[in-house]
Amino acid sequence: MRAWRDPAWGAARPGQWQGRHRLCVGRSWPRPRAMAGLRQAAKTLGCAFPAGFQDVHVMIFVGFGFLMTFLQRYGYSAVGFNFLLAAFGIQWALLMQGWFHSFDGRYILLGVENLINADFCVGSVCVAFGAVLGKVSPVQLLIMTLFQVTLFSVNEFILLSLLEVKDAGGSMTIHTFGAYFGLTVTWILYRPNLYQSKDRQSSVYHSDLFAMIGTLFLWMYWPSFNSAVSNHGDAQHRAAINTYCSLAACVLTAVALSSILHKKGKLDMVHIQNATLAGGVAVGTAAEMMLMPYGSLIVGFICGIISTLGFVYLTPFLESRLRIQDTCGIHNLHGIPGIIGGIVGAVTAASANTELYGQEGLAFAFGSSTPSWNASTQGKFQAAGLFVSLAMALVGGIIVGVILKLPFWGQAADENCFEDAIYWEMPKDQKSTVFRSEDPALKASEP
Amino acid sequence: MRAWRDPAWGAARPGQWQGRHRLCVGRSWPRPRAMAGLRQAAKTLGCAFPAGFQDVHVMIFVGFGFLMTFLQRYGYSAVGFNFLLAAFGIQWALLMQGWFHSFDGRYILLGVENLINADFCVGSVCVAFGAVLGKVSPVQLLIMTLFQVTLFSVNEFILLSLLEVKDAGGSMTIHTFGAYFGLTVTWILYRPNLYQSKDRQSSVYHSDLFAMIGTLFLWMYWPSFNSAVSNHGDAQHRAAINTYCSLAACVLTAVALSSILHKKGKLDMVHIQNATLAGGVAVGTAAEMMLMPYGSLIVGFICGIISTLGFVYLTPFLESRLRIQDTCGIHNLHGIPGIIGGIVGAVTAASANTELYGQEGLAFAFGSSTPSWNASTQGKFQAAGLFVSLAMALVGGIIVGVILKLPFWGQAADENCFEDAIYWEMPKDQKSTVFRSEDPALKASEP
Amino acid sequence: MRAWRDPAWGAARPGQWQGRHRLCVGRSWPRPRAMAGLRQAAKTLGCAFPAGFQDVHVMIFVGFGFLMTFLQRYGYSAVGFNFLLAAFGIQWALLMQGWFHSFDGRYILLGVENLINADFCVGSVCVAFGAVLGKVSPVQLLIMTLFQVTLFSVNEFILLSLLEVKDAGGSMTIHTFGAYFGLTVTWILYRPNLYQSKDRQSSVYHSDLFAMIGTLFLWMYWPSFNSAVSNHGDAQHRAAINTYCSLAACVLTAVALSSILHKKGKLDMVHIQNATLAGGVAVGTAAEMMLMPYGSLIVGFICGIISTLGFVYLTPFLESRLRIQDTCGIHNLHGIPGIIGGIVGAVTAASANTELYGQEGLAFAFGSSTPSWNASTQGKFQAAGLFVSLAMALVGGIIVGVILKLPFWGQAADENCFEDAIYWEMPKDQKSTVFRSEDPALKASEP
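Residues numbered from 1 in each chain as written. Chains lettered and ligands numbered in written order. Predicted model: local features only at pLDDT ≥ 70, side-chain atom pairs only at ≥ 80, totals over all residues. Heavy atoms only, no water.

Enquirer: What should I look at first to understand the overall build of chain A in this one?
Expert: Across its full length, chain A holds 17 helices and two strands. Residue pairs in contact within chain A that sit at least 24 positions apart in sequence constitute 82% of those at least 6 positions apart. Of the roughly 13400 Å² that chain A leaves accessible, carbon and sulfur atoms contribute 67%. (Helix = DSSP H or I, 4+ residues; strand = E, 2+ residues; numbered from the N terminus. Contact = heavy atoms within 4.5 Å. Areas by Shrake-Rupley, 256 points an atom, 1.4 Å probe, with all protein chains shown as cover.)

Set out below in structure tokens:
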């Protein structure tokens, strides 16, 4: 997301520069001779791309796609529309981020890190998709993606390039921005008669198992997500380990609270599918810093509680009082944990010092070698970044929401929400799903 | 697939040579002293194997396996027989490719790249399996695998070693060969009364969601597939980035055309599951060359259109007029895109020059340092490779088809096709799938 | 599991030491100057963590989780409780293994290898979970996890540190220990009236497909599992290749025997889901040694047979005669193959010599440079390790079983076993699972 501007990526990584492609045709780019040794190393070592790239890719397409298949009659749309908007979004993000960050005057240079950043950008669209799931048409989704990717790129440019905020796992740029953008859009698109589709706005047995595929791939690969664009070495390891610890702690409190809040002590699949992931969101900013494993465990512990409480108490409140219909409960999974992540990041950055990081480590982590840098200022800028993200999300969400409210985008009627049959050719006859007991007449043709 | 004979793999890669095993027992192989430094590097770096290996493995077993679970009553067979034939095929491929390529007179030497190549070889069998899905017995599948792996190895040897064709992602060797081999076999095995099983030759709601698991893992890991055996460094990065771009563009046109071609504008799961992947097939040859991202986007854009058109118009035509019953529509996903891939590869190779690749890059990509090499000749040999693959597929497919037509392989009767119960012990009583509403009598035993 | 104490990991690997975190806060740890060069290399190369880490993670959470979803009414619990116990177990394992192995007097140092080892430790709990699946409450599972992780750590310390046994893939420490621990627990928890839940102790069509997701991810990533903590370089490659070969051979014999043992020659999903994995268990100890690919093929071949025979004949015998109710048949998948793996490892170690490994290789693989080392002694210690693991499992299992037999852990009554509704809030109305044919009244609102 930003690491590619870092010296450690910009030139020092073999395979990095070489992988860069011009997006537009033209004459060949110069090949610095100094790269020869590193290129030899890359050839020798055979790391096609950073291990994290494919993991992030899986999270976007399988993780988010299947996480949203929990609705009984909206599985095709959940996984199919997520596929569509992500494939569209990454292309647009490559262009947008290319113009902002890797445009050399004539060409956009592409490397594997740009692909990761495009996936990240699309991640924020997937988050917003969760809020409007089941209530918008594919055309509306594509329009939303178009605008959101643009706004994301602007917001990211402000945070990372102007404010010089650190946000490797995107607590602010991806989760907070994506969640409040999506919530604002769904607030504008409020459907007063949505209760007409209420019977389809729940899961069935198998749809919840499909959703668990999404949950688990998101959960498992989140350490790769938060560390994918960190500075390599120390910071990247810290990010992976801290995220792993936070997620593990989050599962325990989410499960415990799910049982505690149920009148018969039963668990709720909604909490297991969603609240267990809040720990990954909440360390998105601080994971690459010296949050320490015990700090991560505490953050995950708290977020599991807050997120589960949100699903039980806050989501119904938002819907009934604030007219915010949040289908997947992204406010509890990405909204609040994202804000917590921004605050934790600001506090962790503000308390950075050479005793913790070492002289060299501090320069590497925050670029503290610039004379103007001090930890407290970094912390303030981190906090400012959080507010900028929120403001961009709210303003952008209102504009996009108003555009999407126009009546000619093919949106479904209130009684047809959460229904695949509106947009998909459905299997004709479902009687055959009921299995016929073994028919003795069925037999292999013998010679 | 072939890179292991490449100098960049043969000796220079640490972890490569060391991983080699003799398949047969005997005295220890010599250990060149010059490897010591590189071995130390490998120990130090801890890359167990190229990141792409496990990705390709996932594509073969989960990708192809689940892609074919779309049939309502053939999920066990789709994923189970795919598992069986792939496990058998990789062992046979290790032997076949070992005899052709890594036989040192006494032993077959095995390295991780041989495992990747075995997976690739089996990939072409999985493609062919898609054509005959639901109509052949496991015994027939094993026989087909036995012959197809053998033919694949011969064809690959002709293309890569004799014609010195470049085909890192296997547009020709894997997809074109596999598709036309499978289509020829299913043409020979034509069942005039297959309409008797027509009611089972469609999907149900959940089977389409299972198939999407396969689609997404194929789609996500295709950049690894096309780059897994490229020359490391430049070429491997190009391959991954170009494939990523082509696949993203392909999704958009496949979805758009699926909607456009439907009379009510609805989407068809068959197109989303299959046509979205055509972009990966079509850059299989050219991805590692200087196709450029914009070139990849164009190829993917076009293939999404052609593949979707194929599903709508060509597959019914093939079945009714040419008596080719192509269950999964592999002609649209692997056949035509494979040929396009071969042509794109030939054109891209023919237009290679030092301005685009640099002197060193051209030598690295095509071995242009041999005096006889020139780009136009390379292009012609690429085209020749495409025709050889087609010819091998047709001739081989006829022979294997005739063998499989013998009546004692346990094939199902026409009215029992696409039916798991022929080959599998089925769950007895399916009434329990219908969920009983929560029974108040069910309760945890309290102390 | 142990490799982090190995010189090859301890200091030589970049990214290793740097990733270490103190689990407890305190003053900064010293940074050896000699690391500078290697740290630079790690920054340059961008390998966030060993490729095997995420693969092992996927096996624990998706592999084991979905493997156990085969029961028709226990999918939520299978995947949800596995998620819960694994998330709890890895935190406890980080602490336990930290105290045993990476405690520096004030802090537990954490690196990515510790995360892998925690996953491994939890793997043995997942194995034991398979034996008690459907019959214990989540509270019982957490208690079992607490004790089993502790015992695992003690057993591992005895084997790896005191007996200096080699067991990279955990045939003894993970599989044998986990299986016999779980079997002992389920023996103590014997439910004479379990037949009352017999109608739910089977699969339905879709639950078997979900289970195949688990099977395939376990099968595909097993080479990573067995090689994740091997010494890098030679040993790691050997481990991956040998495991790959053993697994491939195992699939063929498991499928063949499944068909042979069925009276009509049909295949049984239980065997395909489980017995195909026995080959990975059985080379867990020897994979990193000079087992040779042909040796692996033989081991896999035999284990496919034994495991399938076990499912057909041994599991019913254990239940009816020995009162061991083994829900998932872990005795056939982890118990017997684990013992075979221990024996194969002992024999392979006892036959190690410099002709096979080279002087340097032998020192690297077994630490043979210590004067007291000889192959035959190593073999004897390997065998001793197997008996220690069995003894620990039996004694520990009895103690934990007795604790779990106490009547106040919320366990289900005999007639409510294998039932999600006891512990989970279930979807209310399942009539909607039956698909309504396309309703013409459903249409998108047009402008």
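Enquirer: What is the right way to look at the pattern of salt bridges in this model?
Expert: Side chains that differ in charge, positive against negative, can pair when their charged atoms come close. Enumeration over the complete set of coordinates arrives at twelve salt bridges over all chains. Two residues, Arg191 of chain A and Asp414 of chain A, come together in a salt bridge whose shortest N-O distance is 2.6 Å. Of the two residues, Arg191 of chain A sits in the loop between helix 8 (171–188) and helix 9 (205–227) while Asp414 of chain A sits in the segment after helix 17 (375–405), which places them 223 residues apart along the sequence. For the pair Arg191 of chain A and Asp414 of chain A, one class covers both residues: buried. For Arg73 of chain C, the salt bridge goes to Glu419 of chain C, with nearest N and O atoms at 2.7 Å. Here Arg73 of chain C, found in the loop between helix 4 (51–67) and helix 5 (75–101), pairs with Glu419 of chain C, found in the segment after helix 17 (375–405); they are 346 residues apart in sequence, far enough to count as distant. Per residue, the accessibility class of Arg73 of chain C equals that of Glu419 of chain C, and both read buried. Sharing partners across several salt bridges, the network here consists of Arg73, Arg200 and Glu419 of chain A. (Salt bridge = Lys/Arg side-chain N within 4 Å of Asp/Glu carboxyl O. Buried < 20%, exposed > 50% of the residue type's maximum accessible area, 1.4 Å probe, protein only.)

Enquirer: Any chance you could explain the packing of aromatic side chains here in plain terms?
Expert: The geometry of two aromatic rings is summed up by the distance between their centres and the angle between their planes. Under the criterion given, the structure shown has 63 aromatic pairs over all chains. Between Trp219 of chain A and Phe61 of chain C, the ring centres sit 4.5 Å apart and the planes meet at 45 degrees, which makes this aromatic pair tilted. With Trp219 of chain A in helix 9 and Phe61 of chain C in helix 4, this pair bridges two chains. The class for Phe61 of chain C is buried, based on a relative accessible area of 1%. Centre to centre, the rings of Phe81 of chain C and Trp424 of chain C are 5.8 Å apart; their planes meet at 25 degrees, and the pair counts as stacked. Here Trp424 of chain C lies in the segment after helix 17 and Phe81 of chain C lies in helix 5, a separation of 343 residues in the sequence. Given a relative accessible area of 0%, Trp424 of chain C falls into the buried group. (Phe/Tyr/Trp six-rings, centres within 6.5 Å; stacked < 30°, edge-to-face > 60°.)

Enquirer: Even after reading the chapter, I still don't get a nonpolar patch on the surface, so can you show me in this structure?
Expert: There is a patch of nonpolar side chains on the surface, built from Tyr294, Ile298, Phe301 and Ile302 of chain A and spanning about 360 Å² of accessible area. Turning to its location among the elements, Ile298 of chain A is positioned in helix 13 (residues 293–321). (Patch = residues over 30% accessible without salt bridge, like charges linked within 9 Å, V, L, I, M, F, W, Y side chains within 5 Å.)

Enquirer: What is the right way to read helix 8 (residues 171–188) of chain B from this model?
Expert: Side chains three or four residues apart in an α-helix point the same way, a direct result of the helix having 3.6 residues per turn. Between its first and last C-alpha, helix 8 of chain B extends 24 Å over 18 residues, near the 26 Å set by a 1.5 Å rise per residue. Phe177 of chain B marks where helix 8 of chain B bends most, by close to 25 degrees. (Expected span 1.5 Å × (residues − 1). Bend = angle between axes of the 7 residues up to and from the residue.)

Enquirer: Sorry, what's going on with the nonpolar core here?
Expert: One recurring pattern in soluble globular proteins is that nonpolar side chains are buried together. Counting residues in hydrophobic clusters, the biggest one holds 318 residues, and the most contacted among them are Phe217 of chain A, Phe217 of chain B together with Phe217 of chain C. Beyond its immediate chain neighbours, meaning those up to four positions away, Phe217 of chain B contacts Val58, Val62 and Phe217 of chain A, Val58, Met59 and Val62 of chain B together with Phe217 of chain C. (Core = buried A, V, L, I, M, F, W, Y, C linked by side-chain atoms within 4.5 Å.)

Enquirer: Help me understand the packing of helix 7 (residues 138–162) of chain A against helix 17 of chain A, please; the structure alone is not making it clear to me.
Expert: When two helices pack together, their arrangement is given by the angle between the helix axes and the distance between those axes. Residues and elements named next belong to chain A. In contact at an axis separation of 10 Å, helix 7 and helix 17 are set at 155 degrees when each is read in the N-to-C sense. For the element pair helix 7 / helix 17, the angle class is roughly antiparallel. In terms of crossing hand, the pair formed by helix 7 and helix 17 is right-handed. Facing Gln140, Ile143, Met144, Phe147, Leu151, Val154, Asn155, Ile158 and Leu159 of helix 7, the residues of helix 17 in contact are Gly385, Val388, Ser389, Met392, Gly396, Val400, Ile403 and Leu404. Its residues assigned to classes, the contact of helix 7 with helix 17 shows twelve nonpolar, five polar and no charged. (Axes fitted to C-alpha atoms, helices over the stretch in contact; angles between N-to-C directions. Parallel < 35°, antiparallel > 145°, perpendicular 65-115°, else oblique. Left-handed = near helix turned anticlockwise from the far one by under 90°. Nonpolar A, V, L, I, M, F, W, Y, C, P; charged D, E, K, R; others polar.)

Enquirer: Where do I start with the environment of Met269 of chain A in this structure?
Expert: Position of Met269 of chain A relative to the elements: it lies in helix 11 (residues 269–274). Apart from residues no more than four positions distant in its own chain, Met269 of chain A is found in contact with Asp208 and Met212 of chain A together with Tyr76 and Trp424 of chain C.

Enquirer: Hey, could you run me through the confidence of the model for chain A in this one?
Expert: Any region with low pLDDT has predicted coordinates that should not be read closely. Residues and elements named next belong to chain A. On average, chain A scores 83 in pLDDT, and the residues at 70 or more come to 84%. The model gives residues 431–447 a pLDDT under 50, and that stretch makes 31 contacts with residues more than four places away or in other chains. Predicted complex metrics record ipTM = 0.87 and pTM = 0.89. (pLDDT = per-residue confidence, 0-100.)

Enquirer: Explanation requested: the environment of Leu209 of chain B in the structure shown.
Expert: Structurally, Leu209 of chain B can be placed in helix 9 (residues 205–227). A relative accessible area of 2% places Leu209 of chain B in the buried class. On a C-alpha basis, the gap between Leu209 of chain B and Gln273 of chain B in space is 9.6 Å, while along the polypeptide they are 64 residues apart. Filtering out sequence-adjacent residues up to four positions away, Leu209 of chain B remains in contact with Phe66, Thr69, Gly75, Tyr76, Val79 and Phe210 of chain A.

Enquirer: In this structure, what is going on with helix 5 (residues 75–101) of chain A? I would like to understand it.
Expert: For helix 5 of chain A, spanning 27 residues, the distance from its first C-alpha to its last is 37 Å, which sits close to the expected 39 Å at 1.5 Å a residue. Burial runs high along helix 5 of chain A: 23 of the 27 residues are buried.

Enquirer: It is not clear to me how unusual backbone geometry should be interpreted in this structure. Could you clarify?
Expert: Glycine aside, negative phi is the norm for most residues, and most peptide bonds take the trans geometry. In the Ramachandran plot, Arg323 of chain A falls in the positive-phi region, its phi being about 55 degrees despite a non-glycine side chain. Locating Arg323 of chain A in the fold gives a position in the loop between helix 13 and helix 14 (330–350). At Met292 of chain C, a position not held by glycine, the phi torsion is positive, near 70 degrees. The topology assignment puts Met292 of chain C in the loop between helix 12 (278–282) and helix 13 (293–321).

Enquirer: Explanation requested: the environment of Met172 of chain B in the structure shown.
Expert: All names here are of chain B. Of note, Met172 is situated in helix 8. For the pair Met172 and Ile340, spaced 168 residues apart in the sequence, the C-alpha separation amounts to 9.4 Å. Ignoring sequence-local partners within four residues, the contact set of Met172 consists of Leu159, Val165, Lys166, Asp167, Phe177, Thr285, Gly342, Gln382, Gly385, Leu386 and Ser389.

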